Amino acid sequence: PLNRLTWDHFTIYSVPTGDTDLRSIVPIVTACLVVAHVAAAGPARAQSEVAKPDWIEAIRNGCRIWNAAPQDRQEVTWFGACVNGSAEGPGRLQWYRGGQRGDHYEGDMRAGRMEGKGTYIFSNGDRYIGDFRANSREGQGVLTFYNGDRYEGDFRDGQQDGRGTYTLRDGGRYNGDFVAGRLEGRGVFTFKDGSSYDGEWKNSLPNGQGTHRTASGQIIEGNWTNGCLKDGDRRDAVLTTRKRCGF
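Residues numbered from 1 in each chain as written. Predicted model: local features only at pLDDT ≥ 70, side-chain atom pairs only at ≥ 80, totals over all residues. Heavy atoms only, no water.

What follows covers the overall build of the protein. On a plain count of helices and strands, the protein comes out with one helix and 19 strands. Scored against the burial criterion, the 247 residues of the protein give a buried share of 46%. Within the protein, contacts between residues separated by at least 24 positions form 25% of all contacts whose residues are at least 6 apart in sequence. Counting only carbon and sulfur atoms, one obtains 46% of the accessible surface of the protein, whose full area is about 12,600 Å². (Helix = DSSP H or I, 4+ residues; strand = E, 2+ residues; numbered from the N terminus. Buried < 20%, exposed > 50% of the residue type's maximum accessible area, 1.4 Å probe, protein only. Contact = heavy atoms within 4.5 Å. Areas by Shrake-Rupley, 256 points an atom, 1.4 Å probe, with all protein chains shown as cover.)

Spelled out as structure tokens, the structure:
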């Protein structure tokens, strides 16, 4: 029904400064967003067997709905107006697969596609509330994940893109620029222990000029590369480990 934003999770660390061994490492979870179709149930199709986007007729009224990710044994219901054979205006979409309830949408439709304001609830509990354009998240919105993480801000082509705030369930928070679902541009990441990094980002890691303020109040400022700072005798790592930095 809708290409779902899924998480390629990996664990990263807020690393203490100084030359001592790692202590009180605070694990947090961040992620790079990737666009991937996730089947609601049943075996995954081989890449060559993935169906192309196409129209599907709603059961009971035959109203046409644009299906961005066709699946086997898939059905949809539409409760709303049907204009020129397609869903139009405010209403409710309920997707099914093999008779089991799947994703659900309630909001505006135009010519069979999600367009305007709406709420999309994924079968796993993820929820998006905000703007849609041409069946994709576009504009302002709030994406709440089943695990408690939350993003609020700009969307483009279905991904976090522009300015936004990502809040982790453990209390960590990033406020700043996103590009294609990644932390990229300028932003501030505040960790749950009170430490923070304020500066430039690329590929969801500190890259460029930035300032790391530790939980104890120490300030480390400089030019970062993939979360690593190496300047003379100074060494520091943010959202990575000293080992990965090579020191």
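There's plenty left to go through after this.
Here we take up the packing of aromatic side chains. Going through the model one piece at a time under the given rule, you end up with 16 aromatic pairs. Arranged with centres 5.1 Å apart and planes meeting at 75°, the rings of tryptophan 55 and tryptophan 66 form a pair that is edge-to-face. Residue tryptophan 55 is found in strand E3 (residues 54-57), and its partner tryptophan 66 is found in strand E4 (residues 64-67); the two are separated by eleven residues along the sequence. With centroids separated by 6.3 Å and ring planes inclined at 45°, the aromatic side chains of phenylalanine 145 and tyrosine 166 adopt a geometry described as tilted. (Phe/Tyr/Trp six-rings, centres within 6.5 Å; stacked < 30°, edge-to-face > 60°.)

This part is about the nonpolar core. Core analysis: the biggest nonpolar cluster contains 35 residues, and Ile65, Trp78, Leu93, Met109 and Phe189 have the highest contact counts within it. Counting residues per element, this core draws most heavily on strand E6 (residues 86-97), which supplies three residues. If we skip the residues at most four places from it in the chain, isoleucine 65 touches Asp54, Trp55, Ile56, Val76, Trp78, Ala87, Leu93, Trp95, Met109 and Gly112. (Core = buried A, V, L, I, M, F, W, Y, C linked by side-chain atoms within 4.5 Å.)

The next point concerns the confidence of the model for the protein. Here the protein shows a mean pLDDT of 83. Residues at 70 or above account for 80%. Segment residues 1-48 is flagged for pLDDT under 50; beyond a separation of four residues in sequence, or across chains, it makes 126 contacts in the model. (pLDDT = per-residue confidence, 0-100.)

Residue placement: aspartate 103 occurs in strand E7 (residues 100-110). For aspartate 103 and glycine 125, which are 22 residues apart along the polypeptide, the C-alpha to C-alpha distance reads 9.0 Å. In terms of polar contacts, aspartate 103 uses its side chain to reach the backbone amide nitrogen of serine 123, at 2.8 Å. (Polar contact = N/O pair within 3.5 Å; in protein donor to acceptor, adjacent residues only side chain to side chain.)

So, about the side chain of aspartate 131. Relative to the helices and strands, aspartate 131 is located in strand E9 (residues 127-133). Look at aspartate 131 and you get buried, because its relative accessible area is 16%. Within polar-contact distance, the side chain of aspartate 131 engages the backbone nitrogen of glutamine 140 at 2.9 Å. Leaving out residues up to four positions away in the same chain, aspartate 131 has contacts with Gly116, Lys117, Ser136, Arg137, Glu138, Gly139 and Gln140.

The next thing to look at is the pattern of salt bridges. One pass over the full model with this rule turns up seven salt bridges. Among the salt bridges present, the one from arginine 150 reaches glutamate 152, with a minimum N-O distance of 3.0 Å. (Salt bridge = Lys/Arg side-chain N within 4 Å of Asp/Glu carboxyl O.)

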